[in-house]
Amino acid sequence: MAGHSQFKNIMHRKGRQDAARSKLFSKLSKEITVAAKHGDPDPASNPRLRLAVQNAKAQSMPKDNIQRAINKSQSGDAESYDEIRYEGYGPGGVAVIVEALTDNRNRTASNVRSYFTKCGGAMGETGSVSFMFDKVGEIIYPAKAGGAEAVLEAAIEAGAEDVQSDEDNHVIICAFEDLGDVSKALEGTLGEPESVKIIWKPQNLTPVDADKAQTLMKLVNMLEDDDDVQNVYANFDIDEETMASLAG
């Protein structure tokens, strides 16, 4: 899930729950299987698969699970998934992008539409909100990877476009087509990152008050809990106090 002023993933609290962790592993496995099926099963020669494996490792997914997902892609009974992007508006006029991998387009579309409707939002056509986002590469390192200046210097040297550092982590942004090269270069100077992925980064943020924020987070939670949904991006800006009360 992406949004907020620093585009942080604010839903990590779910990871402490076994059920949520199982769901996360399932989604990571699905991405690995699809990446391996559509390309080479060797991460070294398949950029998408390499990123999928990197993210799985960052979430402490066991090596056996990762290999099982790769092997599944090469078996004759591997499921066929369609990659679909849904767009719409949530509470407070917030633009929302939903990425899904599904073996049943009708089911997924119906579910996603119902989530928007239940939370006072509305689905739109493809392209109805994506023009308000930039598709970019995002690489995240923990704060312990180095000081802000050192990370900035390494990022510039690697070909990145922007760095946002705070007490928790360093978020490095690059052109999405450069993600593989930039992440590889950064690994040589900063080590293995926490996360490497292509994201939809909002060009501008929409302020959301406390009342709308509660309903918006309900929509985000419903979307993220759907087994077919891989990623959710939104251009909201919710203040820290409100966000803390919602997380409590």
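Residues numbered from 1 in each chain as written. Predicted model: local features only at pLDDT ≥ 70, side-chain atom pairs only at ≥ 80, totals over all residues. Heavy atoms only, no water.

**Concerning the environment of T102**
And step 1. Take T102: it is sitting in strand β2 (residues 95-102).
And step 2. By relative accessible area, which is 0% here, T102 ends up buried.
And step 3. Each C-alpha atom of the pair T102 and E83 lies 6.7 Å from the other, and the pair is 19 residues apart in sequence.
And step 4. Once you skip the residues sitting within four places of it in the chain, T102 turns out to touch S80, Y81, D82, I84, R107, T108 and D228.
And step 5. Side chain to side chain, T102 and T108 meet in a polar contact 2.6 Å long. (Helix = DSSP H or I, 4+ residues; strand = E, 2+ residues; numbered from the N terminus. Buried < 20%, exposed > 50% of the residue type's maximum accessible area, 1.4 Å probe, protein only. Contact = heavy atoms within 4.5 Å. Polar contact = N/O pair within 3.5 Å; in protein donor to acceptor, adjacent residues only side chain to side chain.)

**Section: helix α7 (residues 210-225)**
And step 1. For α7, with 16 residues, the first-to-last C-alpha span of 22 Å sits near the 22 Å given by 1.5 Å per residue.
And step 2. Among the residues of α7, those classed as buried are A213, L216, M217, L219, V220, M222, L223 and E224.
And step 3. Near the N-terminus of α7, the side chain that reaches the backbone nitrogen of D211, with its oxygen 3.3 Å away, is that of D209. (Expected span 1.5 Å × (residues − 1).)

**Comments concerning the confidence of the model for the protein**
And step 1. Confidence along the protein averages 87 in pLDDT terms, with 91% of residues attaining 70 or more.
And step 2. Across the protein, helix α4 (residues 105-118) holds the top mean pLDDT of 96, while helix α8 (residues 240-247) sits lowest at 79. (pLDDT = per-residue confidence, 0-100.)

**Regarding the packing of aromatic side chains**
And step 1. The final tally for this structure, using the stated rule, is zero aromatic pairs.
And step 2. The ring of F176 carries the charged tip of K135 above its face, separated from the ring centre by 5.6 Å. (Phe/Tyr/Trp six-rings, centres within 6.5 Å; stacked < 30°, edge-to-face > 60°. Lys NZ or Arg CZ within 6 Å of the ring centre and 35° of its normal.)

**A short note on the UniProt feature "domain: TACO1/YebC-like second and third" (unreviewed entry) in the protein**
And step 1. Under the local residue numbering, the UniProt record ascribes the feature "domain: TACO1/YebC-like second and third" (unreviewed entry) to residues 81-236.
And step 2. Strand forms 37% of residues 81-236 and helix 34%; the C-alpha atoms that close the span are 30 Å apart. (UniProt positions renumbered as here; feature names shortened; annotations may be inferred.)

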